[in-house]
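Read off the chains here:
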Amino acid sequence: MVTVPVEATRSARTAGPVRATGSAQATGSVHTDGSARPDGSARTAPAGDGRTLPGPPAPAVHRRRVRALVLVAVPLLLAVAHQARPAPYGDRLALPARVERAQGAPPPSRPPLRTTAAAVEAYDAATGRARWTYAREGHRPLAVLPARGHALALWDDGLVTDTTRRDGSAVRWHRALPQAARWLAGHKATGVLRLLGDGMLAVITPERVAAYRVADGDLRWVLPARAGCRFAPARAVRHGAVLLIARPCPAEDRWTDGLVAVDDLGVVTPHRAPPGS
């Protein structure tokens, strides 16, 4: 028979489980087993060496991090989308080859121009090599007209364009000719592009003559053909500052009625006053 001391038995009955008391028990801030705390604050977990490791971030910190990532990612995505979008009107400018020139000589400001089956080219007169090319996806140039600092081109879909002549660095403007694509498909583009005065372009189609300012493509005036009459671009001739355009009209008796004279201000008439604009 084993006798247990009264002191040991009394100590075992009074010990019981250990419980948190005071402020720790009320707030639940003392948790070392990794369980969630009643107040929803960040919890800690004991490390193997007795240190305390930080738990997951609070919701407010997490939202700030997500917001910072969005602020960085959105501009990047917009930049990528901007680079990936197709060029307006299918424009494609290229510098195919470097043209050698004498040391110290600047590039010519008025290189000669030509059209190929698919592009407008400015080329070196000495070597024939292209300085720059301008193409439009799915379209071909029908004619090109050189001007001071400008390369004016007419395309098979009835679009008129202006490219920087010196280096082909930019297409300044595009202008569409209404209902001209079908006529251009069956006729040559001879005489469609004509210069008027200094800095004005006349575009002649059977239905109308439209004048554009070369500098910015601004439409200055339009001359429609008379009922039953049609302009003949290939039969236009220049006389000084005036452009004489053939306009055959079956109903006209006098041959002079089949001609119209225009300049940079419009139709030439006696005692004409310049427009207020």
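Data block above holds the structure.
Here we look at the sheet that holds strand 10 (residues 171-176)
- Taken in spatial order, the four strands make up an open sheet running 7-8-9-10, and their pairing is antiparallel. Looking along the sheet, the strands with just one partner apiece sit at the ends: strand 7 (141-147) and strand 10. Sheet twist, expressed as the mean angle between neighbouring strand axes with direction ignored, is 20°.
- Relative to strand 9 (residues 159-164), strand 8 (residues 150-155) is paired through five bridges, and the arrangement is antiparallel. Among the inter-strand pairings, A153 is bridged to a residue of strand 9, identified as T161.

Things to note about the packing of aromatic side chains
- Within this structure, the stated rule accounts for two aromatic pairs.
- Here Y134 and W155 contribute two aromatic rings whose centre-to-centre distance is 5.2 Å and whose plane-to-plane angle is 75°, an arrangement assigned as edge-to-face. Highlighted residues: Y134 in strand 6 (residues 130-136) and W155 in strand 8, separated in sequence by 21 residues. The same class applies to Y134 as to W155, namely buried.

Quick word on the side chain of T133
- Summarising the element assignment, T133 is placed in strand 6.
- Leave out the neighbours within four places in its chain, and T133 touches R92, L93, A94, P96, A119, V120 and E121.

Quick word on a positive patch on the surface
- A cluster of basic side chains, namely R63, R64, R65 and R67, defines a positive patch on the protein surface.
- Note on placement: R64 falls in helix 3 (residues 59-84).

Observations concerning the pattern of salt bridges
- Counting across every chain of the model gives nine salt bridges.
- Close ionic contact of R114 with E121 constitutes a salt bridge, the shortest N to O distance being 3.0 Å.
- Accessibility expressed as a relative area gives 30% for R114, which makes it partly exposed.
- For the salt bridge of R230 with E207, the shortest nitrogen-to-oxygen distance reads 3.3 Å. Here R230, found in the loop between strand 14 (219-224) and strand 15 (232-239), pairs with E207, found in the loop between strand 12 (200-204) and strand 13 (208-213); they are 23 residues apart in sequence, far enough to count as distant.
- Residue classification places R230 among the partly exposed positions, given a relative accessible area of 43%.
- Where salt bridges share partners, they join R213, D216, D218 and R220 into one cluster.

What counts as what
Residues numbered from 1 in each chain as written. Predicted model: local features only at pLDDT ≥ 70, side-chain atom pairs only at ≥ 80, totals over all residues. Heavy atoms only, no water. Pairing = 2+ DSSP bridges. Helix = DSSP H or I, 4+ residues; strand = E, 2+ residues; numbered from the N terminus. Axes fitted to C-alpha atoms, helices over the stretch in contact; angles between N-to-C directions. Phe/Tyr/Trp six-rings, centres within 6.5 Å; stacked < 30°, edge-to-face > 60°. Buried < 20%, exposed > 50% of the residue type's maximum accessible area, 1.4 Å probe, protein only. Contact = heavy atoms within 4.5 Å. Patch = residues over 30% accessible without salt bridge, like charges linked within 9 Å, V, L, I, M, F, W, Y side chains within 5 Å. Areas by Shrake-Rupley, 256 points an atom, 1.4 Å probe, with all protein chains shown as cover. Salt bridge = Lys/Arg side-chain N within 4 Å of Asp/Glu carboxyl O. Lys, Arg positive; Asp, Glu negative; His and termini not counted. Charge placed at Lys NZ, Arg CZ, Asp CG, Glu CD.

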